[in-house]
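# Breakdown of the fold
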Amino acid sequence: MTTTPIPTGPAGAAGPSKLLIALIAVGGVLLLAVVAIAFLLIGQNSGGNGSINAGDQTPVPVASDSATPVAEPTDTATDGSGADGDGSTDGGQTPVDNSLRFTTFNANLQVACDPTGQAEEKAQPQISWSAANATKVYWTPSNQDATADNGYQVAATGNQDTMSDSKGPGERYEFPCNHRQTFDTTVTIYGSNGQKVSKHVTFTDINWNTGGSDDEE
């Protein structure tokens, strides 16, 4: 009688070894997949936390270099009612000048006397003036201040004809031709407070010593 031997040892363990290898292979694939997924997630988290995505950010407005000009305040503030910045009101009028003064004064310092002395009238100096805030005005044929004692009273505005009238009927303001080379005249204005202002001129005969009788007084 022949008997079949039962396999033992390495030959009986061949089936389980192949299964184990297959399981290990499948596990390795799964492990690699898990590792790959883990790296993918880590990479996404790093990109969201460590960098700024320009597409996800709202642009911040940048200020322009040019700004709208702001009107500067004037030195004097007004509210349209005529009041100055300090609250006072002058109605926009220029302050009145109450000082004593000549507003005009003109004179031609040359006269032309007739060197022969035969002229019907002597040369008359040309002079005119006007004064402001004067209560009295005098003129005198000298280089001193004119007063009521040494001169003649005239109006606050006048000229050589006014001066002739101030001397009285038949009198005339004129240059002493053929007797003097020069002739002084002073106009003095007086204010209400006693203040005075004078203007003095010296006239010269341009024909002095050119003929006739030129005797110095």
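What you see is a predicted model, and the numbers here were worked out from it, not measured in a lab. Within each chain, residues carry numbers counting from 1 in the order of the written sequence. In keeping with the model being predicted, local features are shown solely for residues with a pLDDT of at least 70 and side-chain atom pairs are shown and tallied solely at 80 or more, while totals for entire chains, interfaces and linings include all residues. Only hydrogens and water are set aside; all other atoms, that is, all heavy atoms of the structure, feed into the side-chain values.

As a further point, take the overall build of the chain. Only DSSP runs of H or I reaching four residues or more are called helices, and only runs of E reaching two or more are called strands; each is numbered from the N terminus. Scanning the chain from terminus to terminus reveals two helices and eight strands. To sort residues, take the accessible area from a 1.4 Å probe on protein chains only and compare it with the maximum for the residue type: under 20% means buried, over 50% means exposed, and anything in between is partly exposed. Among the 217 residues that make up the chain, the fraction classed as buried is 20%. A fraction of 64% describes how many contacts in the chain between residues 6 or more apart in sequence connect residues 24 or more apart. Surface accessibility of the chain: about 15600 Å² in total, with carbon and sulfur atoms responsible for 54%. Note on contacts: a residue pair is in contact if any heavy atoms of the two residues lie within 4.5 Å. Methods summary: accessible areas were calculated by the Shrake-Rupley approach with a probe of 1.4 Å, and residue burial reflects only the protein chains presented.

Turning to the pairing of strand β4 (residues 136-140), a few remarks are in order. Along β4, four of the five residues are buried, which leaves the element largely enclosed by surrounding structure. Relative to strand β7 (residues 182-190), β4 is paired through five bridges, and the arrangement is antiparallel. Residue pairing in the sheet places Trp139 in a bridge with Val187 of β7. Strands are treated as partners if at least two bridges between them are detected by DSSP.

Assignment of secondary structure puts Thr188 in strand β7. Overall, the relative accessible area of 0% leaves Thr188 in the buried class. Of the polar contacts made by the side chain of Thr188, one reaches the backbone nitrogen of Ala146; its length is 2.8 Å. Excluding residues that lie within four positions of it along the chain, Thr188 makes contacts with Lys136, Val137, Tyr138, Asp145, Ala146, Lys196, Val197 and Ser198. Counting of polar contacts relies on pairs of N or O atoms within 3.5 Å, with two restrictions inside protein: one atom must be capable of donating a hydrogen and the other of accepting it, and residues adjacent in sequence are counted only when both atoms are side-chain atoms.

Our focus in this paragraph is the packing of aromatic side chains. Pairing of aromatic rings covers Phe, Tyr and Trp, the last counted by its six-membered ring, and requires centre-to-centre distances within 6.5 Å; plane angles under 30 degrees mean stacked, over 60 mean edge-to-face, and any other angle means tilted. Under the defined criterion, the tally for this structure stands at six aromatic pairs. Here the aromatic rings of Tyr173 and Phe183 are separated by 6.0 Å at their centres, their planes lie at 50 degrees, and the arrangement is tilted. A residue pair is termed long-range when its members are at least 10 positions apart, and Tyr173 in the loop between α2 (160-166) and β7 and Phe183 in strand β7 qualify at ten residues. The same class applies to Tyr173 as to Phe183, namely buried. Among the aromatic residues, those joined into a cluster by ring pairs are Trp139, Tyr152, Tyr173, Phe175 and Phe183.

With that settled, consider the state of the cysteines. When two cysteine sulfur atoms lie within 2.5 Å, the pair is treated as a disulfide. Enumeration over the complete set of coordinates arrives at one disulfide. Note that Cys113 is cross-linked by a disulfide to Cys177, the S-S spacing being 1.9 Å. Classification of the bridge connecting Cys113 and Cys177 rests on its S-S torsion, roughly -70 degrees, and on that basis the disulfide is left-handed. Here the residue Cys113 occupies a position in the loop between β2 (110-111) and β3 (126-132), and Cys177 occupies one in the loop between α2 and β7, the gap between them amounting to 64 residues. Here Cys113 matches Cys177 in class, with each residue buried.

This paragraph deals with the sheet that holds strand β1 (residues 101-108). Taking strand neighbours across the sheet as the criterion, the three strands line up as β1-β3-β6 in an open arrangement whose pairing is antiparallel. Two strands lie at the open edges of the sheet, namely β1 and β6 (157-159), each paired on one side alone. Going across the sheet, the axis of each strand differs from the next one's by a mean of 5 degrees, ignoring polarity. Pairing analysis gives three bridges linking β3 to β6, with the strands arranged antiparallel. By the bridge assignment for β6, Ser128 is matched with Asn159. Note on geometry: axes are lines fitted to C-alpha atoms, helical ones only across the stretch in contact, with angles between N-to-C directions running from 0 to 180 degrees.

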